[in-house]
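Geometric and topological summary
Each chain, letter by letter, is given below.
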Amino acid sequence: MNAIAAATTTSTGEAVQFWILGTVAVIGAFATILLKKAVHSALALAGTMVILAVFYLANGAYFLGIVQIIVYTGAIMMLFLFVVMLVGVTAADSLKETLKGQRWLAIGCGLGFGILLIGGIGNASLSTFNGLGAANALHGGNVEGLANLIFTKYVFAFEITGALLITATVGAMVLTHRERTERARTQRELSEQRVREGKHLPPLPAPGVYARHNAVDIAGLLPDGTPSDLTVMKTLRDRGQIRDVSQEALADLKALEQRSGERLGREDADAVARGANPASAAENSEAAK
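Note that the structure is a prediction, hence the values are computed from the model and not measured. (Residues numbered from 1 in each chain as written. Predicted model: local features only at pLDDT ≥ 70, side-chain atom pairs only at ≥ 80, totals over all residues. Heavy atoms only, no water.)

1. Topic: the overall build of the chain
When you go through the chain residue by residue, the secondary structure sums to 14 helices and two strands. Expressed as a percentage of its 289 residues, the buried residues of the chain come to 14%. Partitioning the intrachain contacts of the chain with sequence separation of at least 6 by distance along the chain shows that 41% fall at a separation of at least 24. Summed over all atoms, the accessible surface of the chain reaches about 22400 Å², with 66% contributed by carbon and sulfur. (Helix = DSSP H or I, 4+ residues; strand = E, 2+ residues; numbered from the N terminus. Buried < 20%, exposed > 50% of the residue type's maximum accessible area, 1.4 Å probe, protein only. Contact = heavy atoms within 4.5 Å. Areas by Shrake-Rupley, 256 points an atom, 1.4 Å probe, with all protein chains shown as cover.)

2. A look at the UniProt feature "transmembrane region" (unreviewed entry) in the chain
Here, the residues flagged by UniProt with the feature "transmembrane region" (unreviewed entry) are residues 16–35, 42–63, 69–92, 104–122 and 154–175. The span residues 16–35 is 95% helix and 0% strand, and its two end C-alpha atoms sit 28 Å from each other. Span residues 104–122 is 100% helix and 0% strand, its end C-alpha atoms 27 Å apart. (UniProt positions renumbered as here; feature names shortened; annotations may be inferred.)

3. A word on the packing of aromatic side chains
Per the stated rule, a full pass over the model turns up three aromatic pairs. A centroid spacing of 5.4 Å and a plane angle of 75° characterise the contact between F18 and W19, whose relative ring orientation is edge-to-face. With relative accessibility at 59%, the residue W19 sits in the exposed group. Between F18 and F55 the ring centres are 6.1 Å apart and the planes differ by 40°, which places this aromatic pair in the tilted class. In this pair, F18 sits in helix 2 (residues 12–34) while F55 sits in helix 3 (residues 38–58), placing the two residues 37 residues apart along the sequence. For F55, a relative accessible area of 17% translates into the label buried. (Phe/Tyr/Trp six-rings, centres within 6.5 Å; stacked < 30°, edge-to-face > 60°.)

4. Structural notes on the pattern of salt bridges
The final tally for this structure, using the stated rule, is three salt bridges. A salt bridge links R188 to E192, with the nearest nitrogen and oxygen atoms 3.3 Å apart. Within this pair, R188 and its partner E192 are both found in helix 10 (residues 187–197), separated by four residues, close to a single helical turn. Overall, the relative accessible area of 63% leaves R188 in the exposed class. In this structure E192 comes out as partly exposed when scored by relative accessible area, which is 30%. Note that R196 and E192 form a salt bridge whose closest N and O atoms lie 3.6 Å from each other. (Salt bridge = Lys/Arg side-chain N within 4 Å of Asp/Glu carboxyl O.)

5. Examining the side chain of Q68
Inspection of the secondary structure puts Q68 in helix 4 (residues 62–87). Reaching out from Q68, the side chain makes a polar contact with the backbone oxygen of M49 at a distance of 3.5 Å. Those residues in contact with Q68, other than ones at most four positions away along the chain, are M49, L52, A53, Y56 and T73. (Polar contact = N/O pair within 3.5 Å; in protein donor to acceptor, adjacent residues only side chain to side chain.)

6. What to know about the side chain of S41
Following the sequence through the fold, S41 ends up in helix 3. There is a polar contact of 3.0 Å between the side chain of S41 and the backbone oxygen of T32. If we skip the residues at most four places from it in the chain, S41 touches A31, T32 and L35.

7. Here's the deal with a nonpolar patch on the surface
A surface patch of nonpolar side chains, about 390 Å² in accessible area, is lined by L52, Y56, F63, L64 and V143. Every element with two or more residues in the nonpolar patch is listed here: helix 3 and helix 4. One can find L64 in helix 4. The partly exposed category is assigned to L64, whose relative accessible area is 33%. (Patch = residues over 30% accessible without salt bridge, like charges linked within 9 Å, V, L, I, M, F, W, Y side chains within 5 Å.)

8. Focus: the nonpolar core
A42, A46, M49, M77 and L81 together form the largest nonpolar core, which totals five residues. Among the elements of the structure, helix 3 and helix 4 are those that each provide at least two residues to this core. Top contributing element to this core by residue count: helix 3, with three residues. The residues contacting A42, other than those within four sequence positions of it, are M77 and L81. (Core = buried A, V, L, I, M, F, W, Y, C linked by side-chain atoms within 4.5 Å.)

9. A word on the packing of helix 2 against helix 3
Viewed as axis vectors pointing N to C, helix 2 and helix 3 meet at an angle of 155°, and their least axial separation amounts to 8 Å. With respect to helix 3, the axis of helix 2 lies roughly antiparallel. As for the relative orientation of helix 2 and helix 3, their crossing is left-handed in sense. Contacts from Q17, F18, L21, G22, V24, A25, G28, A29, A31 and T32 of helix 2 reach helix 3 at S41, A44, L45, T48, I51, V54, F55 and A58. (Axes fitted to C-alpha atoms, helices over the stretch in contact; angles between N-to-C directions. Parallel < 35°, antiparallel > 145°, perpendicular 65-115°, else oblique. Left-handed = near helix turned anticlockwise from the far one by under 90°.)

Structure below.
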C-alpha cells in the first residue's frame, strides 16, 4: 500500500517540472497552428516534441525519450522542415483558400476532438498502479515489451504509420522535382554566348594581396593604380562591403600604425615604420652601409 501511495504521489520537483514544461509545450502547440509562416510552425512543433521527450525521460521511459528526440524531432521534423524550405511556402500561399469552408471545418473538428479528449480523460479512473518496472519485466525489458506490442497488438497501426511516412516522402520528392524544359548547354555554347554578349572573356582578376588582410573584400589595383571592381565578388559588391584601398585610406592606416608604435616605444615605432614601408627601410640600410 505504501509503494502504491509513493508511486501515485507527485513530489514538488515533479510538479514544478510538469507545470513549467507543460505550459511551454502548450504554447508551442498553439504556435504550431497559429503562426503564419510554415517554417516557424515546424520549429514550434519540434520544440513541443523535445519537451515530450523530457517528460518520457522524467517518468523513466528512457527508450521512448531517446527515440522521441532522435527519430521524431531529429529526423521526421527536420525532414518536414527541409521539405517546407525546399518547396518554398510563402505567406500568400498559406492565405489562399483552396477549399471553401475548410477553416470552419478545421475549427469544428478541433473542437470536437477537444471535447472527446476532455471527456475521455474526465471519465478515466486508475484503481491499480503496476509501475514501469512490472511492465518492463513482463517481456524481459523495456525494448522487448515495446517490440511485443508494436509487432503483435499494434502491428496494423505501425504499418499504416510507415505507409503514411513513405507517402509524405514521395510527395515531397514530387513537389520539389522540376522538369527540365530545355537541353542543358555545353561549356562551348556557354563560352560562345559570353563572346556574343561581349562580357569579360578571360578569367576575372584576383583581389589585391595585403599582408594584414585576406584580401577577399579588397579590390585589386590596375596598372594605373585605380581599383578594379571585377576583382571582388558580386555578393560583396551588392552589399557594399568593399574595403577602401585609396591612397588616403593607406595613408590613414600608416599613420595609425605609427601612433601605435609610438605608444609601444621608440624602437617598436621604428620597427613598425620599417614594416609599413619596406622601401624606406631598404634605403636606410643602404645609407648605413
